[in-house]
Amino acid sequence: MTLSLASPRPQSADEMTLGALRHEIDLLDDQMLALFQRRLALADRVGRAKDAPSGAHLPLRPDREAAVLARMTAGARPDQVRAVEGLWREIVGWGLARQTETQVRVWAPDGSGRAVDAARRRFGQAATLIESPDAEAALAFAAEGKGVAVLALQADHPWWLGLRSDWSDLRVFDGCGRSAPRALAVGRIDPASLAPGRRVTVSSGGADFGPGAGRWGLATHRGWTLSLVDAAVPMERIDGLVGTLD
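Worth saying up front: this structure is predicted, and the values here are computed from it rather than measured.

Attention now moves to helix α5 (residues 135-143). Of all the positions in α5, only Ala135, Ala138, Leu139, Phe141 and Ala142 are classed as buried. Mapping the buried residues of α5 onto a view down its axis gives an arc of 155°, with all of them on the same face. In this structure, the buried residues of α5 make contact with β1 (103-107), β3 (148-152) and β5 (183-187). Structurally, the start of α5 carries an N-cap: the backbone nitrogen of glutamate 136 is 3.3 Å from a side-chain oxygen of aspartate 134. In the segment just after α5, glycine 145 is the residue with positive phi, at about 80°.

Given below as structure tokens:
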């Protein structure tokens, strides 16, 4: 008995185009994997470099991260800036993980999860995030040099006042949110490694706020104010510098 084999159905132009595009994506994926692994290998070497923070300070370089992100997003298309920033946060996070595990304690009493989500976006999937039962526990964790604390700004809990007293070894080094942060990241960061951006201050007494003054109030408590101060404002106008944001 003779068997007749049907000829393969000819591919349409769309199917051929789709196949070619997928092949090109596969090639790019291979190149990206090779480059990513090369970057991780370089991160190992950076971790052993002489200028890496050591001792009482966490091995974090917010200034370097801010510079890398600024350069990458500046070269990105406007509609792809958020995607590029998210990708590079992950790349930087995995590079840091080659040097040390990033431990993050998040205090988010409102239960919305926004601070947790913002912390995950900031530190990436390589970081270990654990929610803290209270602000003091998160601050104590960071003060002991075990990792980073991300704390929500709540009107009924002025935890930030402790940055000038009980937790004076901690520095604000990033904010979760865009123009007005809803949470702040703090840790034992080498002051020389802070990003050269807006300053975070805790000061007493009244102050001019708004774009014209270059100063924005984030929270207040009994005559004390947590402020975000533009980098162009002269230092002599600042009382109680506790960190910077990029």
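Next, the rest of the story.
Where burial is concerned, most of strand β8 (residues 224-229) is hidden: five out of the six residues are buried. Sheet topology note: the strand β6 (residues 198-204)/β8 ladder contains six bridges and is antiparallel. Bridging from a neighbouring strand, valine 200 pairs with leucine 228 of β8. Across six bridges, the pairing between strand β7 (residues 215-221) and β8 is antiparallel. Residue threonine 220 lies in a different strand from β8, and its bridge partner there is threonine 225. Between the antiparallel neighbours β7 and β8 lie two residues, among them arginine 222 with a positive phi of about 50°.

Within soluble globular proteins, side chains that are nonpolar generally end up buried alongside one another. Grouped together as the largest cluster of nonpolar side chains are 24 residues, with contacts concentrated most on Leu151, Trp159 and Leu226. At four residues, the largest contribution of residues to this core is made by α5. With residues near it in sequence (within four places) discarded, leucine 151 still touches Trp107, Ala135, Ala138, Leu139, Trp159, Arg182, Ala183, Leu184 and Val186.

In this fold, aspartate 63 is placed in helix α2 (residues 62-74). With residues near it in sequence (within four places) discarded, aspartate 63 still touches Ala192, Ser193, Leu194, Ala195 and Pro196.

This brings us to helix α3 (residues 81-97). Given 3.6 residues per helical turn, the α-helix brings residues three or four places apart onto the same face. Here α3 is 17 residues long and its end C-alpha atoms lie 24 Å apart, about the 24 Å a rise of 1.5 Å per residue gives. Among the residues of α3, Val84, Arg89, Ile91, Val92, Gly93, Gly95 and Leu96 are the ones counted as buried.

We now examine the environment of leucine 69. Secondary-structure assignment places leucine 69 in helix α2. Assessed through its relative accessible area of 9%, leucine 69 is described here as buried. For the pair leucine 69 and leucine 87, spaced 18 residues apart in sequence, the C-alpha separation works out to 9.9 Å. If we ignore the near neighbours within four places in the chain, the residues touching leucine 69 are Glu85, Trp88 and Arg89.

For the rest of this paragraph, the subject is the packing of α2 against α3. Where α2 meets α3, the closest approach of the two axes is 9 Å, and the angle between their N-to-C directions is 145°. The handedness of the crossing between α2 and α3 is right-handed. Listed contacts from α3 to Glu65, Val68, Leu69, Met72 and Thr73 of α2 are Val81, Val84, Glu85, Trp88, Arg89 and Val92. Its residues assigned to classes, the contact of α2 with α3 comprises seven nonpolar, one polar and three charged.

This part covers the environment of isoleucine 130. Assignment of secondary structure puts isoleucine 130 in strand β2 (residues 128-131). Once the C-alpha coordinates of isoleucine 130 and valine 104 are considered, the two residues, 26 residues apart in sequence, prove to be 6.4 Å apart.

When we look at a pair of aromatic rings, we describe it by the centre distance and by the angle of the planes. Enumeration according to the criterion identifies one aromatic pair in this entry. Measuring from centroid to centroid gives 6.2 Å for phenylalanine 123 and phenylalanine 173, while their planes differ by 70°, and the two rings are edge-to-face. Taken together, the residues phenylalanine 123 in helix α4 (residues 114-123) and phenylalanine 173 in strand β4 (residues 171-176) connect sequence positions 50 residues apart. According to the relative accessible area criterion, phenylalanine 123 is buried, its value standing at 7%. The ring centre of phenylalanine 141 lies 4.1 Å from the NZ or CZ of arginine 105, which sits over that ring. Positioned above the aromatic ring of phenylalanine 123 is the side chain of arginine 122, whose terminal nitrogen or guanidinium carbon lies 4.7 Å from the ring centre.

Calculation notes
Residues numbered from 1 in each chain as written. Predicted model: local features only at pLDDT ≥ 70, side-chain atom pairs only at ≥ 80, totals over all residues. Heavy atoms only, no water. Buried < 20%, exposed > 50% of the residue type's maximum accessible area, 1.4 Å probe, protein only. Helix = DSSP H or I, 4+ residues; strand = E, 2+ residues; numbered from the N terminus. Arc of directions from axis to C-beta. Contact = heavy atoms within 4.5 Å. Polar contact = N/O pair within 3.5 Å; in protein donor to acceptor, adjacent residues only side chain to side chain. Pairing = 2+ DSSP bridges. Core = buried A, V, L, I, M, F, W, Y, C linked by side-chain atoms within 4.5 Å. Expected span 1.5 Å × (residues − 1). Axes fitted to C-alpha atoms, helices over the stretch in contact; angles between N-to-C directions. Left-handed = near helix turned anticlockwise from the far one by under 90°. Nonpolar A, V, L, I, M, F, W, Y, C, P; charged D, E, K, R; others polar. Phe/Tyr/Trp six-rings, centres within 6.5 Å; stacked < 30°, edge-to-face > 60°. Lys NZ or Arg CZ within 6 Å of the ring centre and 35° of its normal.

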